Amino acid sequence: MTTRTVDTTQELAAFLRTRRERLDPDEFGLPSRRRSRRTPGLRREEVAELAGVSIDYIVRLEQARGLRPSADVVDALARALRLAPDERAYLFDLARRRPRNADKLATTAAPPLARLVADLSPLPAMLMNHRYDILAWNDEMARLLVDFATLPPSRRNAMWLCLKHPEVRELYADRERVVREGIAHLRAAWAAHPDDRALTDLIAEFTADREFARLWAERDVKVNGRGRKVMRHPEAGVLDLHYEVLTPLEDQDQRLVIYRAMTEDGRAALDRLSARGS
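Described in the following lines is the structure provided in the data block. (Residues numbered from 1 in each chain as written. Predicted model: local features only at pLDDT ≥ 70, side-chain atom pairs only at ≥ 80, totals over all residues. Heavy atoms only, no water.)

1. Re the pattern of salt bridges
Counted by the stated rule, this structure contains 28 salt bridges. The residue D75 makes a salt bridge to R79 at a minimum N-O spacing of 3.2 Å. In this pair, D75 and R79 are both assigned in helix α4 (residues 71-80), 4 residues apart and thus about one turn of the helix distant. Notably, a salt bridge pairs E205 with R155, separated by 3.0 Å at the nearest N-O pair. (Salt bridge = Lys/Arg side-chain N within 4 Å of Asp/Glu carboxyl O. Helix = DSSP H or I, 4+ residues; strand = E, 2+ residues; numbered from the N terminus.)

This is the structure we're talking about:
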């Protein structure tokens, strides 16, 4: 696999194989005579039968032999492989069959969104693009994570901070889950923006990190719109936080991320953290 550009044929082949191999044949009610197997998951002929295509077609897809399946075939494969919604969208992206607007790759914050980020105080908030580049932030987010203004622009990236920044690395109580979820998002973005050289260069840089390379190879795909993070903050203590990710209709390549404390103690700790900068 290359991360210089998205080789969609190779990635489509690998993704289909890994998803086929993860399936449990017992969940499909297959006849027992067909279940003697040495390899994990479903056989190719079983996937072909479930998707209503020929075995040769599945073989050629998994061998990256240049096929470009139609939208109907992609849909059938997604159903046969029981793909989750994010995985299904990823498969459509790899097959170049998902309708999309012209890519608008954001490298700076839209001014109304930058003002909104500031106005969300005292809630910690920031604006990112699909690469996890941090385009705008308010003071509360800087006090929660790191003073972004002290970092060079190339390092104002949420994934880089989680992987490489010594202070941010120690913030997360469940850091591997945070990294895993971030990688699942990046993989979806990688397929949706195949011509974004900055993204592919960033992923190539990240794959030098053993942890990132191991998790990237698992080909998990997931875009989280909300969730929970527990942080061990050096000043505020343990913070149980909920985050929400919003996509503006006018700037769909930008993501507004807002944190809220889930407990009274957490809210009080965030208030104290905010007051220290006043």
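2. Examining the nonpolar core
Core analysis: the largest hydrophobic core is formed by 72 residues, its most contacted members being L77, L91, L144, L145, F148 and F212. Of the residues forming this core, the biggest block, 8 residues, is contributed by helix α10 (residues 175-192). Those residues in contact with F212 that sit more than four places away from it in its chain are M159, L163, I183, L186, I203, F206 and T207. Counting 12 residues, the second-largest nonpolar core is a separate cluster that includes A125, L127, A136 and L256. (Core = buried A, V, L, I, M, F, W, Y, C linked by side-chain atoms within 4.5 Å. Buried < 20%, exposed > 50% of the residue type's maximum accessible area, 1.4 Å probe, protein only. Contact = heavy atoms within 4.5 Å.)

3. A short note on the sheet that holds strand β2 (residues 134-137)
Spatially, 5 strands are ordered β2-β1-β5-β4-β3 in an open sheet, and the strand pairing comes out antiparallel. Sheet topology places β2 and β3 (226-233) at the edges, where each strand pairs with a single neighbour. Mean inter-strand twist for the sheet, computed between neighbouring axes without regard to direction, equals 30°. The sheet contact formed by strand β1 (residues 125-129) and strand β5 (residues 254-261) spans 5 bridges and is antiparallel. (Pairing = 2+ DSSP bridges. Axes fitted to C-alpha atoms, helices over the stretch in contact; angles between N-to-C directions.)

4. Overview of the side chain of H165
Counting through the fold element by element, H165 comes out in the loop between α8 (158-164) and α9 (166-169). If we skip the residues at most four places from it in the chain, H165 touches V146, L151 and W160.

5. Thoughts on the packing of aromatic side chains
All chains considered together, the criterion is met by 6 aromatic pairs. For the ring pair F15 and Y90, a centre distance of 4.9 Å and an interplane angle of 75° mean the geometry is edge-to-face. Of the two residues, F15 is situated in helix α1 (residues 8-22) and Y90 in helix α5 (residues 85-94); the sequence distance between them amounts to 75 residues. Judged by its relative accessible area of 1%, F15 is buried. (Phe/Tyr/Trp six-rings, centres within 6.5 Å; stacked < 30°, edge-to-face > 60°.)

6. Remarks on the packing of α1 against α5
Look at α1 against α5: their axes get within 9 Å of each other, and the N-to-C directions meet at 150°. As the angle between them shows, α1 and α5 are arranged roughly antiparallel. Handedness of the α1/α5 crossing: left-handed. Contact residues: α1 offers T8, E11, L12, F15, L16 and R19, while α5 offers E87, Y90, L91 and L94. (Parallel < 35°, antiparallel > 145°, perpendicular 65-115°, else oblique. Left-handed = near helix turned anticlockwise from the far one by under 90°.)

7. Quick notes on the layout of surface pockets
Roughly 200 Å³ of volume is contained in the second largest pocket. Residue lining of the second largest pocket: 15 residues in total, with R143, L145, H233, P234 and E235 positioned closest to the centre. If you list the elements that add at least two residues to the lining of the second largest pocket, you get α7 (139-144) and β3. By residue number, the principal contributor to the lining of the second largest pocket is α7, which donates 3 residues. In the lining of the second largest pocket, the residues fall into 7 nonpolar, 1 polar and 7 charged. (1 Å grid on protein atoms, 1.4 Å probe; cavity = no way out; pocket = protein on both sides within 12 Å on 5 of 7 lines; lining within 4 Å. Points joined across faces, edges and corners; volume = space filled by probe spheres on them. Nonpolar A, V, L, I, M, F, W, Y, C, P; charged D, E, K, R; others polar.)

8. What to know about unusual backbone geometry
The omega angle of the peptide bond from S121 to P122 is 15°, so this bond is cis rather than trans. If you check the backbone angles, A64 has positive phi at about 55° while not being a glycine. Among the structural elements, A64 can be located in the loop between α3 (55-62) and α4. Under the relative-accessibility criterion, A64 is labelled buried at 17%. Phi at R96 takes a positive value of approximately 60°, unusual for a residue other than glycine. Its place among the elements puts R96 in the loop between α5 and α6 (111-119). In this structure R96 comes out as partly exposed when scored by relative accessible area, which is 27%.

9. Looking at helix α13 (residues 264-275)
For α13, with 12 residues, the first-to-last C-alpha span of 16 Å sits near the 16 Å given by 1.5 Å per residue. Looking only at α13, the buried set comprises G266, A269, L270, L273 and S274. Along the long axis of α13, the arc covered by the buried residues comes to 140°, so they all point the same way. In this structure, α13 carries E264 and D265 as exposed residues pointing more than 90 degrees from its buried face. On its buried side, α13 packs onto α7, β3, β4 (237-246) and β5. (Expected span 1.5 Å × (residues − 1). Arc of directions from axis to C-beta.)

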